[in-house]
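# Overview (structure and organization)
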Protein chains: 2
Amino acid sequence: MKQTIWFKKTPYIHSYSSVVGPKEANGPLGGYFDIKLKDDKNNQKTYEMSESTMQVQAIKLAVINGDLKECDIGVIISGDLTNEITCSSFAARAFPIPFLGMYDACSTFGEAVIVASALISGGFMDKAACVTSSHFSSIERQFRYPLELGTQPTPTSQWTVTGAGCSILSSQGGNIAVECATIGKVVDMGITDANNMGAAMAPAAADTMLRHLEETGRGIDYYDYIFTGDLGKFGKTLFVDLLDKAGINVKSNYNDCGAMIYDDEKSVQGASGAGCVSTVFNSFILKELMTEPGCKLLLIPTGALLSKVSSLQGETIPSVAHAVSFVNRG
Amino acid sequence: MKQTIWFKKTPYIHSYSSVVGPKEANGPLGGYFDIKLKDDKNNQKTYEMSESTMQVQAIKLAVINGDLKECDIGVIISGDLTNEITCSSFAARAFPIPFLGMYDACSTFGEAVIVASALISGGFMDKAACVTSSHFSSIERQFRYPLELGTQPTPTSQWTVTGAGCSILSSQGGNIAVECATIGKVVDMGITDANNMGAAMAPAAADTMLRHLEETGRGIDYYDYIFTGDLGKFGKTLFVDLLDKAGINVKSNYNDCGAMIYDDEKSVQGASGAGCVSTVFNSFILKELMTEPGCKLLLIPTGALLSKVSSLQGETIPSVAHAVSFVNRG
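Residues numbered from 1 in each chain as written. Chains lettered and ligands numbered in written order. Predicted model: local features only at pLDDT ≥ 70, side-chain atom pairs only at ≥ 80, totals over all residues. Heavy atoms only, no water.

Turning to the overall build of chain A, a few remarks are in order. For chain A, the helix and strand inventory stands at 10 helices and 16 strands. Taking the principal axes of the C-alpha coordinates as reference, chain A spans close to 50 × 50 × 35 Å. Going through the 330 residues of chain A one by one, you find that 68% of them count as buried. Expressed as a percentage of contacts within chain A between residues at least 6 apart in sequence, the contacts between residues at least 24 apart total 79%. As displayed, chain A offers around 10700 Å² of accessible surface, 50% of which is attributable to carbon and sulfur atoms. The averaged location of the 34 negative side-chain charges in chain A is 3 Å from the averaged location of its 26 positive side-chain charges. (Helix = DSSP H or I, 4+ residues; strand = E, 2+ residues; numbered from the N terminus. Buried < 20%, exposed > 50% of the residue type's maximum accessible area, 1.4 Å probe, protein only. Contact = heavy atoms within 4.5 Å. Areas by Shrake-Rupley, 256 points an atom, 1.4 Å probe, with all protein chains shown as cover. Lys, Arg positive; Asp, Glu negative; His and termini not counted. Charge placed at Lys NZ, Arg CZ, Asp CG, Glu CD.)

See below:
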């Protein structure tokens, strides 16, 4: 069984958008985001509805950016980290568009792009919106501690991105093609520390990366850019080490979305969250890096498949990573 | 935008399996299930791991039933109702097979079959395993009350199925073809009572049903059987009423999986849960109903997209339903 699937009739990124909170807007990538919230409550009563509204804003903006009508979209494929992905289903409620909810934790954006690409490349529909989000305040209290406690983060913990990113894929009409993808297996190396998700996810990312190179017959230098999703700074070094042990030097063309989004002292290990890779991809990566014809990028969103219950029950943290290959054919 | 997608190169159900708890085994469909647990702890320490193990058992048995090897399966597409679908990701960890996690609540089995069918029909892979599960004890305490309270269920509440059902879809080698599917929109009629999910889901099921008939140009009599997922007995009457108001008489060829699985006094409204439609479909429906060549069935799994947090925050219950058309081509 091969993990890599090829989109012979390649889907294209028709349009995209990003919405972020104040902390992300003030970070090094701030200039690339489309909508920057002044208040992370986003005029809503709860953080969960704030996140859901960010998804709505992201979809609406991507529709406008693509000069589309909402009814042009065949399906919304979305996910987030709140229990039962209510932020996604509540956002989809705002649109007269079919809905497929996904959950692969922070790798969900990769999963959504793969499913959307298969639906479009297979000729089942013309356009699909892929959107994922997260919100520091809804996720911190769901997975870790009440916000009011003001708990000190551990040295390896990552800061959950407040943001939503959306790509609208289409059968035609763009430069950035989705060429192939490697669907990840669940990898569990026995990590139990929910404050060290980079360590749990790095082996999954390395596994998918190695499998991708093996099945495509490509070397690491084939890609101009390789980005993992949200390993953070510590997880990023683990990923580099794991590939190094497999004889692959990934350093020069590699970075991690989670390691780039913050530069403040509170979040030294970087970012995580289903909104991490989707906001960085749909802003900095598409606006700044993927501009030249021929440019090739491998995006490897990473996900830690734990819950608060599984952690409290002493279970380890299974992880997954999906690799998606993009090329600028403009 | 059309909600219905057609699988020109139709995938087939290659093999299938069902695993249920003692209460389901003692119900009217007991004779059709493959594995019947004597103890719903399933030799595990927690109910969550019991449910996860049921998924593992279901996948392994479907592989055996289909005379396959695990490495023949291109992807496991799975979901359940536990927070962050850990029962599914922990089950997928047991297999060297790529994993796509889905969440559309109790309609996830329909979603999984649609995504698997697109992957196979589009030529991206040859075989995919679709599996969903639920467990009364893990879900009751997650969504409602601690089990130790022994809370009296309200008159409209449904009993969560303890069970897992698996279909392995293949590009060839079976009689039951997946012919087309209608992907549901999120429908929210303002229901806020988490103990009346049939009322929340029935409008979504009716919406998808009407859209399916409209887009396929079929009458209600085209199908020998129409099954909704888990509206329960109360939700089933609402579904019939809603279609009746639209001028469609669905009574004679229609039933609801959730209304069939129990006949005891504790669960007068019937069943719900992501394991409801998947166990009934992969047992009674495939073994008893879909045996004659030419037989046509429309399966409409239904999902209530709420969480405990969204309910406590006073939000309404958005719902979704996906319709999948099966035909026996044997």
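The next point concerns the state of the cysteines. The full count for this structure, using the stated rule, is zero disulfides over all chains. With no disulfide of its own, A:C130 has A:C166 as its nearest cysteine by sulfur position, at a separation of 7.3 Å. Of the residues examined, A:C130 reaches a relative accessible area of 0% and is grouped as buried. Lacking any disulfide linkage, B:C106 is separated from the closest cysteine sulfur, that of B:C276, by 7.7 Å. (Disulfide = S-S within 2.5 Å.)

With 104 residues, the main nonpolar core has A:L119, A:I285, A:F326, B:L119, B:I285 and B:F326 as its most contacted residues. Ignoring sequence-local partners within four residues, the contact set of B:I285 consists of B:F227, B:C257, B:V280, B:M290, B:L297 and B:L299. (Core = buried A, V, L, I, M, F, W, Y, C linked by side-chain atoms within 4.5 Å.)

When chain B is fitted to chain A, the best match, at an RMSD of 0.0 Å, comes from turning it 180° and sliding it 0.0 Å along the axis. A rotation of that kind, with that shift, is consistent with a two-fold axis. (Least-squares fit on C-alpha atoms with pLDDT ≥ 70 in both.)

Moving on, we get to the pattern of salt bridges. All names here are of chain B. This structure, assessed with the given rule, holds 20 salt bridges over all chains. E70 is paired through a salt bridge with K60; the nearest N and O atoms lie 3.2 Å apart. Remark: K60 occurs in helix α2 (residues 47-65) and E70 occurs in the loop between α2 and β4 (75-79); sequence separation between them is 10 residues. E70 gets classed as partly exposed once you look at its relative accessible area, which sits at 25%. When its relative accessible area of 36% is taken as the criterion, K60 is described as partly exposed. The closest approach of N and O atoms between E179 and R218, which form a salt bridge, is 2.5 Å. Taken together, the residues span a long stretch of sequence, with E179 in strand β9 (residues 176-182) and R218 in the loop between α6 (197-216) and β10 (225-228) at a distance of 39 residues. Judged by its relative accessible area of 12%, R218 is buried. (Salt bridge = Lys/Arg side-chain N within 4 Å of Asp/Glu carboxyl O.)

Turning our attention to the environment of A:K23. All names here are of chain A. Note that K23 resides in helix α1 (residues 22-25). Spatially, the C-alpha atoms of K23 and L37 are 9.3 Å apart, while their sequence positions differ by 14 residues. Among residues more than four places away in sequence, those in contact with K23 are W159, Y262, D264, K266 and S267. Here the side chain of K23 touches S267 through a polar contact of 3.0 Å, side chain to side chain. (Polar contact = N/O pair within 3.5 Å; in protein donor to acceptor, adjacent residues only side chain to side chain.)

What follows deals with helix α5 (residues 136-144) of chain A. Residues and elements named next belong to chain A. Most of α5 sits inside the fold, with eight of its nine residues counted as buried. All buried positions along α5 are accounted for by F136, S137, S138, I139, E140, Q142, F143 and R144. Considering only its buried residues, α5 is in contact with α2 (47-65), β6 (127-134), β7 (159-160), α6 (197-216) and α10 (308-312).

Our next topic: the interface of chain B and chain A. On the side of chain A, 59 residues touch chain B, which itself brings 58 residues to the contact. Summing both sides of the interface, chain B and chain A together bury roughly 4500 Å²; the carbon and sulfur share of this comes to 67%. In this assembly, chain B and chain A are joined by two salt bridges. One salt bridge connects B:R93 with A:D188, and the closest N-O pair in it is separated by 2.5 Å. On the surface where chain B and chain A come into contact, there are 18 residue pairs in polar contact (both at pLDDT 80 or more). (Buried area = accessible area lost by both parts, 1.4 Å probe.)

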